[in-house]
Amino acid sequence: MLIRKKRGHFLEDFRVGQVFCHKVGKTVTEGLFNAFTEFAMTTNPLHKNLHYARRYGFRGLVVPSGLVMNVVFSQSVEDISENARANLEYIDMRFGVPVFIGDTIEVTTMVLGVKPSSREPDRWVVHVQTTGYNQDGEVVLTFQRKVQVWKGNVAAPVQGTALADIPTVPCQLTLPSYDPACDYYKLAHLTNADTYFEDFALGDVIEHSRGRTVMTDHMVLTAMLDNTSQVHTNQFLIDQDPERYIGGKLIVYGGIPFNLCLGLSCPDVADNSLGDIRYASGRHTGPVFAGDTIFASTEIKGKRDFPKRSDLGVLETILRGYKFVRKNGACEKMEVFYLERELAVKRRSHYARSKHTAVYDSPTGRSQELPLQILAES
Amino acid sequence: MLIRKKRGHFLEDFRVGQVFCHKVGKTVTEGLFNAFTEFAMTTNPLHKNLHYARRYGFRGLVVPSGLVMNVVFSQSVEDISENARANLEYIDMRFGVPVFIGDTIEVTTMVLGVKPSSREPDRWVVHVQTTGYNQDGEVVLTFQRKVQVWKGNVAAPVQGTALADIPTVPCQLTLPSYDPACDYYKLAHLTNADTYFEDFALGDVIEHSRGRTVMTDHMVLTAMLDNTSQVHTNQFLIDQDPERYIGGKLIVYGGIPFNLCLGLSCPDVADNSLGDIRYASGRHTGPVFAGDTIFASTEIKGKRDFPKRSDLGVLETILRGYKFVRKNGACEKMEVFYLERELAVKRRSHYARSKHTAVYDSPTGRSQELPLQILAES
Amino acid sequence: MLIRKKRGHFLEDFRVGQVFCHKVGKTVTEGLFNAFTEFAMTTNPLHKNLHYARRYGFRGLVVPSGLVMNVVFSQSVEDISENARANLEYIDMRFGVPVFIGDTIEVTTMVLGVKPSSREPDRWVVHVQTTGYNQDGEVVLTFQRKVQVWKGNVAAPVQGTALADIPTVPCQLTLPSYDPACDYYKLAHLTNADTYFEDFALGDVIEHSRGRTVMTDHMVLTAMLDNTSQVHTNQFLIDQDPERYIGGKLIVYGGIPFNLCLGLSCPDVADNSLGDIRYASGRHTGPVFAGDTIFASTEIKGKRDFPKRSDLGVLETILRGYKFVRKNGACEKMEVFYLERELAVKRRSHYARSKHTAVYDSPTGRSQELPLQILAES
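Residues numbered from 1 in each chain as written. Chains lettered and ligands numbered in written order. Predicted model: local features only at pLDDT ≥ 70, side-chain atom pairs only at ≥ 80, totals over all residues. Heavy atoms only, no water.

Colleague: Please explain the side chain of threonine 42 of chain A as it appears in this structure.
Modeller: Residue and element names in this part refer to chain A. When you line up the elements, threonine 42 lands in the loop between helix 1 (30–39) and helix 2 (50–55). Threonine 42 gets classed as buried once you look at its relative accessible area, which sits at 8%. With residues near it in sequence (within four places) discarded, threonine 42 still touches Thr37, His47, Lys48, Gly263 and Cys266. (Helix = DSSP H or I, 4+ residues; strand = E, 2+ residues; numbered from the N terminus. Buried < 20%, exposed > 50% of the residue type's maximum accessible area, 1.4 Å probe, protein only. Contact = heavy atoms within 4.5 Å.)

Colleague: Looking at this model, I keep getting lost on the pairing of strand 6 (residues 123–133) of chain B. Mind explaining?
Modeller: Regular strands place side chains that alternate from one sheet face to the opposite one. Residues and elements named next belong to chain B. Within strand 6, 11 of the 11 residues are buried, leaving the element largely enclosed by the surrounding structure. In strand 6, alternate side chains face the same way, and those of Arg123, Val125, His127, Gln129, Thr131 and Tyr133 on one face and Trp124, Val126, Val128, Thr130 and Gly132 on the other are all buried. The pairing of strand 5 (residues 104–115) with strand 6 spans nine bridges and is classified as antiparallel. The residue of strand 6 that forms the bridge with glycine 113 is histidine 127. Here strand 6 pairs with strand 7 (residues 139–150) via 11 bridges, running antiparallel. Each residue of the ladder has a partner; that of valine 125, found in strand 7, is glutamine 148. (Pairing = 2+ DSSP bridges.)

Colleague: What's the story with the interface of chain B and chain C in this structure? I'm lost.
Modeller: When the parts come together, some accessible area is lost, and that loss is often what is quoted as the size of the interface. Contact with chain B, which involves 48 residues of that partner, is made by 50 residues of chain C. Of the roughly 4400 Å² buried at the junction of chain B and chain C (both faces included), carbon and sulfur atoms supply 55%. A salt bridge links lysine 26 of chain B to glutamate 38 of chain C, with the shortest nitrogen-to-oxygen separation between them at 2.4 Å. At the junction of chain B with chain C, the criterion picks out 18 residue pairs in polar contact (both at pLDDT 80 or more). When contributions to the side of chain B that touches chain C are tallied by element, the ones reaching two or more residues are strand 1 (2–4), strand 2 (18–21), strand 3 (26–27), helix 1 (30–39), strand 5, helix 5 (218–224) and helix 6 (235–240) of chain B. (Buried area = accessible area lost by both parts, 1.4 Å probe. Salt bridge = Lys/Arg side-chain N within 4 Å of Asp/Glu carboxyl O. Polar contact = N/O pair within 3.5 Å; in protein donor to acceptor, adjacent residues only side chain to side chain.)

Colleague: Help me understand the relation of the copies chain C and chain A, please; the structure alone is not making it clear to me.
Modeller: Comparison of the two chain copies shows a relationship of rotation about an axis with a shift along it. Superposing chain C onto chain A takes a rotation of 120° plus a shift of 0.0 Å along the axis, which leaves an RMSD of 0.0 Å. Here the transformation between the copies is reduced to the relation of a three-fold axis. Scanning chain C for the C-alpha nearest the rotation axis identifies glycine 31 of chain C, at a separation of 2.3 Å. Looking at chain C, a mere 4% of its interface residues are interface residues in chain A too, so the copies touch through different faces. (Least-squares fit on C-alpha atoms with pLDDT ≥ 70 in both.)

Colleague: Even after reading the chapter, I still don't get the pattern of salt bridges, so can you show me in this structure?
Modeller: It is possible for side chains bearing opposite charge to pair when their charged atoms get close. Applying the stated criterion across every chain yields a total of 75 salt bridges over all chains. Note that arginine 320 of chain A and glutamate 299 of chain A form a salt bridge whose closest N and O atoms lie 2.9 Å from each other. Highlighted residues: arginine 320 of chain A in strand 13 (residues 309–327) and glutamate 299 of chain A in strand 12 (residues 293–306), separated in sequence by 21 residues. Given the relative accessible area of 19%, glutamate 299 of chain A is considered buried. Salt-bridge contacts for arginine 348 of chain B lead to aspartate 199 of chain B; the nearest nitrogen and oxygen are separated by 2.8 Å. A residue pair is termed long-range when its members are at least 10 positions apart, and arginine 348 of chain B in helix 8 (residues 348–351) and aspartate 199 of chain B in the loop between strand 8 (161–162) and strand 9 (205–207) qualify at 149 residues. Via salt bridges that share partners, Lys23, Glu78 and Glu82 of chain A together with Arg210 of chain B belong to a single interconnected network.

Colleague: When you look at the packing of helix 1 of chain A against helix 3 (residues 65–75) of chain A in this model, what are you seeing that I'm missing?
Modeller: Each pair of packed helices gets described by two things: the angle between the helix axes and the distance between those axes. All names here are of chain A. Direction vectors running N to C along helix 1 and helix 3 enclose 120°, while the axes themselves pass 9 Å from each other. The angle between helix 1 and helix 3 places the two elements in the oblique class. In terms of crossing hand, the pair formed by helix 1 and helix 3 is right-handed. On the side of helix 1, the interface is formed by Leu32, Phe33 and Phe36, while helix 3 contributes Leu67, Asn70 and Val71. Class assignment for the residues of the contact of helix 1 with helix 3 results in five nonpolar, one polar and no charged. (Axes fitted to C-alpha atoms, helices over the stretch in contact; angles between N-to-C directions. Parallel < 35°, antiparallel > 145°, perpendicular 65-115°, else oblique. Left-handed = near helix turned anticlockwise from the far one by under 90°. Nonpolar A, V, L, I, M, F, W, Y, C, P; charged D, E, K, R; others polar.)

Colleague: Is there a simple way to think about the confidence of the model for chain A in this case?
Modeller: Detailed reading of predicted coordinates is not advised where the pLDDT is low. Residue and element names in this part refer to chain A. On average, residues of chain A carry a pLDDT of 91, and 93% of them reach 70 or more. The low-confidence segment residues 366–378, where pLDDT is below 50, has 24 contacts with residues more than four positions distant or belonging to other chains. Under the prediction, the complex receives an ipTM of 0.91, its pTM being 0.93. (pLDDT = per-residue confidence, 0-100.)

Colleague: Teacher, can you tell me more about unusual backbone geometry here?
Modeller: A negative phi angle characterises most non-glycine residues, just as the trans form characterises most peptide bonds. All names here are of chain B. If you check the backbone angles, valine 24 has positive phi at about 70° while not being a glycine. Residue valine 24 is classed as buried on the basis of its relative accessible area, which comes to 11%. One non-glycine residue, aspartate 92, lies in the positive phi region at around 50°. Locating aspartate 92 in the fold gives a position in strand 4 (residues 84–95).

Colleague: Would you mind going over the packing of aromatic side chains with me for this structure?
Modeller: Any aromatic ring pair is given by two values, namely how distant the centres are and how the planes are angled relative to each other. Evaluation of the coordinates by the stated rule reveals 60 aromatic pairs over all chains. With a centroid separation of 5.5 Å and 80° between ring planes, the pair formed by phenylalanine 236 of chain A and phenylalanine 295 of chain B is classed as edge-to-face. Here the residue phenylalanine 236 of chain A occupies a position in helix 6 (residues 235–240), and phenylalanine 295 of chain B occupies one in strand 12 (residues 293–306), the pair thus bridging two chains. Side by side, phenylalanine 236 of chain A and phenylalanine 295 of chain B carry an identical accessibility label, which is buried. For the ring pair tyrosine 52 of chain C and tyrosine 56 of chain C, a centre distance of 4.5 Å and an interplane angle of 25° mean the geometry is stacked. This pair shows no difference in class: tyrosine 52 of chain C is buried, exactly as tyrosine 56 of chain C is. (Phe/Tyr/Trp six-rings, centres within 6.5 Å; stacked < 30°, edge-to-face > 60°.)

Colleague: When you look at the environment of threonine 298 of chain A in this model, what are you seeing that I'm missing?
Modeller: All names here are of chain A. In this fold, threonine 298 is placed in strand 12. Separated by 21 residues in the primary sequence, threonine 298 and leucine 319 place their C-alpha atoms 4.6 Å from one another. Apart from the residues within four sequence positions on either side, threonine 298 is in contact with Asp204, Val205, Ile206, His208, Ser265, Val269, Thr317, Ile318 and Leu319. A polar contact is formed between the side chain of threonine 298 and the side chain of histidine 208, at a distance of 2.7 Å.

Colleague: Hey, could you run me through the pairing of strand 5 of chain B in this one?
Modeller: All names here are of chain B. Taken across its 12 residues, strand 5 has 11 buried, putting it largely inside the fold. With three bridges joining them, strand 2 and strand 5 adopt antiparallel strand pairing. Note on strand 5: the bridge partner recorded for valine 19 is methionine 110. Bridge count for strand 3 against strand 5 is two bridges, and the pairing is antiparallel. For lysine 26, the partnering residue across the bridge sits in strand 5 and is isoleucine 105. With two bridges joining them, strand 5 and strand 8 adopt antiparallel strand pairing. Across the sheet, the residue bridging to glycine 113 is alanine 162, located in strand 8.

Right under this line is the structure:
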């Protein structure tokens, strides 16, 4: 018997209230950690410098939010979106306990709603809530998403329904406490001096200076996440029916620009952050293909106190990713990513000395003037 | 003095009965592990989920058979096949003790025979037996292979000979024992429900649904294995004399499609396997180049009991890899890989409950109906 | 307010005697270690075989000199050369204590001089001294370099000055001591038999046989090092003004061919080395682009005793990297890298038996003749 195994579900397979316990699970190895943290050019020392991370009370290098999101999301792909046309929106994405190298993540997803589309009867919108847990059962991330899923059989009867109430998943950023006895300022040269909570002003828009070209290496990263959606890694599939696929070519998996925009913005916005708190809404507003160079900007939308932590503030931002495309001979800016992002940012008052600088003058170059003891002491 | 160092041996260097203790050796780091396991899109949790692997009695994440094969094979390349034209066949490849991250593999090869070719006097067939050991001297893999090696000096006298008897290398798949007290079924949602030993029927041919395009990243993977054969990574060499090389371009090292076909077949055939036992015969039946999309299928050839393990069965299969090529305007299927493969597959009777499912209904979405305790319990 | 954050310094920002304590720092994960060690096709077992490294007295796999250099150098890029046009020279690069997986490297740089150029008033030469420390404050590497830095504002006043005396940074290769009781010869099959100190003759030029084509994967490696120089990874930047950039395209970060040439030369020169001691001078003498195939050669310039270590000798070499370019229909060799390199090389007298070989004859193939006990014993 010839069996054509097709993994993943089609629209008609989803029932509101269903909970998928996704397969496999994923242990974060140093290989996976390195590939994603570095691809994004992340600059927060919590993700790069073990010595710094431990001094801040974490038990190891902290897995960046972009990788946590990618690991949890990708575990849900086979069941939820292997047969999807497009990922429409991330909603209320909240981070819980930090993830470390060696942690094992398992993921569940509940179907919240199935919404018909009269205009496109062959692809409806599925609304789900996905939650990732570590090996101790603690929530590391939870989010809703809306995804446009193909019908397997266009004639199959599907009813549009939704849960009356969306169940609440308790999930709140957990951070080590502030230690008044710790000489944090001795490590202050490892981060930028202008990215403390006090440095941000409402309405500011920061154009991050660096760009990063995505090459076909996006396929390796996608496979590394167990993301089985074929539109990212199966050129033959695209070639068979290019018109069915956006751009008629392999599209870069959205988690790659997501991760990259977080990285590109890191030196200006997040290198004095202790963690991302919540993404209220996120969308891939334009497609990314191999060869595109991605840029990012951050708009400061709000600032508020962090509950019960006088050493931190909550920074409310909009992170945008964009690329440039040629149109009629001109070079046009095109948005590809939109993320409402809240971060927990350190206050200078608690972590650095006002006069701190990472540059010292030693006009004669004599070694006794060198501040190398900073390293030795810390 | 100008010295042109040429590593590797030519046909006239081989003597029957020789044993090469290959150089360097290789410790499996988390970086190597991650690159290969993930490139192949392996889905068996033994290779991905530390928690699962430990519950099954392994001391860590298990290195997949495709990586074990690649590490052992590649250690032999410089001595045996750096100056080869083609790898003709793998014979009687048997797995021994499992390999874990941190293990160090060293490899020896014995020359079993040198067989003349009257048709191609400049390239004869060398028959060898290669064996890999871990740091405790345990055999992790042994196999024979036949390889077509160039003569360095076409006029050099070489005699075709062979050992009368091929020495037997003791090597048998070693697995943790079945623990009747272990609640394996609590982890059953992490693997597919339709890939237990009971699910396979003789004669079935399973077309695995996913394809994976190989890009120039194959060169990074090849270097990562210490495979020094220049036809995979030296474009200049090819450009100097394209007609000497298959396809006139860099050919993808065979270990890459080998590994990839194992991975592509994993969700349908091997995600409830505890390990590959033996590959009776394997061949690269067509060349793979950057840009090709690889697919795989598995034919079920036989089923038998696993000696002294009522919880397992031996599944006898043929794993085939293929790609599509354009010929006269049409798209033709072309086989690129053939492997006779035996796996040790879990029986549902011992590892899952008959009614087990990874999807639960919670029609109202109330949290008390959610099966999240599955995660907490396990 | 629109803020265009530009990290890195321009020529007018540098003052002689300044010391930069560079940001972030970097922990060497197994992922980073694997990517660089393997990309270069390094063959010295100290970097590949944990068992061997420990027998030689190291506490783990040793990070290769090419990766130590790349980590320390790259930490200095944002402050010193993100806005540079070209890296002109490495001077007096000396290695200190070995680096191991898990070590965290932090880096400082002192400005030694700023030298005007009358011919190119928009780009002057900055002379710096960069030093890397591990988590215990020990020096792992120190070097000077000269780099051509763009002026941000061509009209800005800059004075050419230099320190009267260059401060000395104590830094000397630290190696485990020789253990007369250790049976090193039992591991001798893991390295080449013709690369002991006794094997090198003054004036020899060794053409290393292997070449390695660099693909666009160079961008991943560059990002992995935190090298933020945009000319390596931002295609859009180049496309905006190709004439401003060497070759009009993305140029491969120099640390990649640096690392690669060390790797290509390893089997012939460095696989019986215990470490690189010093690079008196190094230069990137030609640009490297994606698609180029890199080759290397080593010239033996001198041999001397290693102070207080009768088991070692100091090998003085020149390592050259080159590629081939088409010119007027012909294929011309073009040097791309030049490095004066001193290595600490093992003497055969202390580490191997004169008659040692890695190949044994077992004419009948009987297992009792096999030297497998070598593995078991060692």
